[in-house]
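# Residue-level structure breakdown
For reference, the chains in residue letters:
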Amino acid sequence: MADAELQSGSSTEDGTANAPVAFSFTLPKKEISMVPDMGKWKRSQAYADYMGFILTLNAATVEKLLDLLETLDRWIDETPPVDQPSRFGNKAYRTWYGKLDQEAEALVSTLLPGQSAAAAQEVAVYLKEAVGNATRIDYGT
């Protein structure tokens with residue numbers, strides 16, 4: 001991430017130009033490669049900061065969104081992987097996605113204010129498309 005106090009080429013209050021600001025960049029690297037790495041992420045200060053930021057945005061709506069995500073996560077726990085020889089997507093995903101397909105509209109309805117309730121059908125499609133494709137067993141990567 002780049003850090004700087006002033007944008008390059010900006011002016012001070014008295015109208016004089018500032019010298020260009022030096023930036024420091026760090027190449028991103030993948031830190032979560034396996035399931036156990038999620039625990040490291042959830043215990044990190046970055047995770048706590050990120051969750052704190054989200055919760056301050058609009059606590060009621062964000063809480064509802066987190067509840068929706070917790071429901072999807074619970075369904076993952078309730079849908080164990082199928083023992084299969086394929087190294088590609090697990091067929092249990094289709095079961096999980098089927099439940100989402102049936103419940104998506106009700107799930108997103110809890111997030112929408114009354115005047116936007118009619119949008120639930122459309123928003124449900126976005127939610128389902130965001131998590132992948134059950135035919136191809138594609139998780140949206």
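All of these numbers come straight from a predicted model, not from anything done at the bench.

Within the protein chain, residue pLDDT values average 81, and 79% of them lie at 70 or more. When pLDDT is averaged over each element of the protein chain, helix H4 (residues 92–109) comes out on top at 95 and helix H2 (residues 45–57) at the bottom at 82.

What follows is about the packing of aromatic side chains. Working definition: an aromatic ring pair is given by the centre-to-centre distance plus the angle between the planes. For the structure shown, the criterion picks out 3 aromatic pairs. Between Trp41 and Tyr47 the ring centres are 5.3 Å apart and the planes differ by 85°, which places this aromatic pair in the edge-to-face class. Here Tyr93 and Trp96 contribute two aromatic rings whose centre-to-centre distance is 5.9 Å and whose plane-to-plane angle is 20°, an arrangement assigned as stacked. Residue Tyr93 and its partner Trp96 are located together in helix H4, separated by 3 residues, close to a single helical turn. Taken together through their ring pairs, the aromatic side chains of Tyr93, Trp96 and Tyr97 make up a single cluster.

When its volume is computed, the largest pocket comes out at roughly 1,100 Å³. Surrounding the largest pocket, 27 residues form its lining, Leu69, Leu72, Asp73, Ile76 and Trp96 being those nearest its centre. Elements represented by at least two residues in the lining of the largest pocket include exactly helix H1 (35–42), H2, helix H3 (59–78) and H4. When residues in the lining of the largest pocket are grouped by element, the largest group, 9 residues, is from H3. Considered class by class, the residues forming the lining of the largest pocket number 20 nonpolar, 3 polar and 4 charged.

Quick notes on the rules
- Residues numbered from 1 in each chain as written.
- Predicted model: local features only at pLDDT ≥ 70, side-chain atom pairs only at ≥ 80, totals over all residues.
- Heavy atoms only, no water.
- pLDDT = per-residue confidence, 0-100.
- Helix = DSSP H or I, 4+ residues; strand = E, 2+ residues; numbered from the N terminus.
- Phe/Tyr/Trp six-rings, centres within 6.5 Å; stacked < 30°, edge-to-face > 60°.
- 1 Å grid on protein atoms, 1.4 Å probe; cavity = no way out; pocket = protein on both sides within 12 Å on 5 of 7 lines; lining within 4 Å.
- Points joined across faces, edges and corners; volume = space filled by probe spheres on them.
- Nonpolar A, V, L, I, M, F, W, Y, C, P; charged D, E, K, R; others polar.

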